[in-house]
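Residues per chain, in single letters:
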Amino acid sequence: MAKKPAPKSGKAKAAPRLQTQTDLSGNAIPEIAEALNGLVADSYALYTKTKNFHWHVSGPHFRDYHLLFDEQATEIFNTIDELAERVRKLGAKTIHSIGEIAKLQSIKDNDKDFVSPGDMLLELMDDNKKVIKRMRAAHEIADEHDDVATASILENFIDAAEKRNWFLFEASRTGTDSGH
Ligand SMILES: [Fe+2]
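Remember, it's a predicted structure, so these values are computed and weren't measured experimentally. (Residues numbered from 1 in each chain as written. Predicted model: local features only at pLDDT ≥ 70, side-chain atom pairs only at ≥ 80, totals over all residues.)

Draft legend 1. Inspection of helix α2 (residues 62–89) at higher detail. In this model, α2 (28 residues) spans 41 Å end to end at C-alpha, consistent with the 40 Å of a helix rising 1.5 Å per residue. Elements in contact with the buried residues of α2: α1 (28–56), α4 (117–144) and α5 (148–172). Two residues or fewer after α2 comes G91, characterised by a positive phi angle close to 90 degrees. (Helix = DSSP H or I, 4+ residues; strand = E, 2+ residues; numbered from the N terminus. Expected span 1.5 Å × (residues − 1). Contact = placed C-beta atoms within 7 Å.)

Now the structure itself:
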């Protein structure tokens, strides 16, 4: 009776599969996380500036602008948790501190003593446009990696930011504007 060959002790074992929370591959996780963390930082910066203007606005349109800025600040604030948790769902790290926000934000702070209401509207419009641009860039990265969940979140946030800019734009028109 033929002897069963002893199992080859030198047989290479398959390398243990590295466990990750997602099936996204390659550089997907660091690239998407970096883009989203930048957006978390900018959302904090824009939230703070919108609140700043909510607190400091003055003039004949006080009530309208005070309420508009508050609505927009709340909306921006609510995006932060969703973006940060998306990063965590991918298994990456997100923002830890105000210091980290300051390092990653592209939206500039405005610590001026007085800003006219018209300038507030224009500055917020400009900042929202920057955030929209950054969201589109993050969307592109998500698309490259087939991360449809991140892309879908960003699509909704881009729509909301464009709505904010619509309201800011309409509120910024003067009575003599011709209508375009
Ligand atoms: Fe308030």
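Draft legend 2. Broad picture of the environment of N128. If you trace the backbone, N128 turns up in helix α4. A tally of 23 C-beta atoms within 10 Å means that N128 is categorised as buried. Separated by 35 residues in the primary sequence, N128 and K163 place their C-alpha atoms 10.0 Å from one another. (Buried ≥ 20, exposed ≤ 12 C-beta atoms within 10 Å, placed from the backbone.)

Draft legend 3. Expanded view of the packing of α1 against α2. Orientation of α1 relative to α2, taken along the N-to-C sense of each, is 160 degrees, at an axis distance of 8 Å. In terms of axis orientation, α1 runs roughly antiparallel to α2. Crossing handedness for the pair α1 and α2: left-handed. Its residues assigned to classes, the contact of α1 with α2 shows 16 nonpolar, seven polar and three charged. (Axes fitted to C-alpha atoms, helices over the stretch in contact; angles between N-to-C directions. Parallel < 35°, antiparallel > 145°, perpendicular 65-115°, else oblique. Left-handed = near helix turned anticlockwise from the far one by under 90°. Nonpolar A, V, L, I, M, F, W, Y, C, P; charged D, E, K, R; others polar.)

Draft legend 4. Structural detail: the nonpolar core. Grouped together as the largest cluster of nonpolar side chains are 37 residues, with contacts concentrated most on I32, L36, L39, V40, M135 and A138. Listed by contribution, the elements that provide at least two residues to this core are α1, α2, α4 and α5. Counting residues per element, this core draws most heavily on α1, at twelve residues. Not counting chain neighbours up to four residues away, the residues in contact with A138 comprise A35, L36, L39 and L154. (Core = buried A, V, L, I, M, F, W, Y, C linked by C-beta atoms within 7 Å.)

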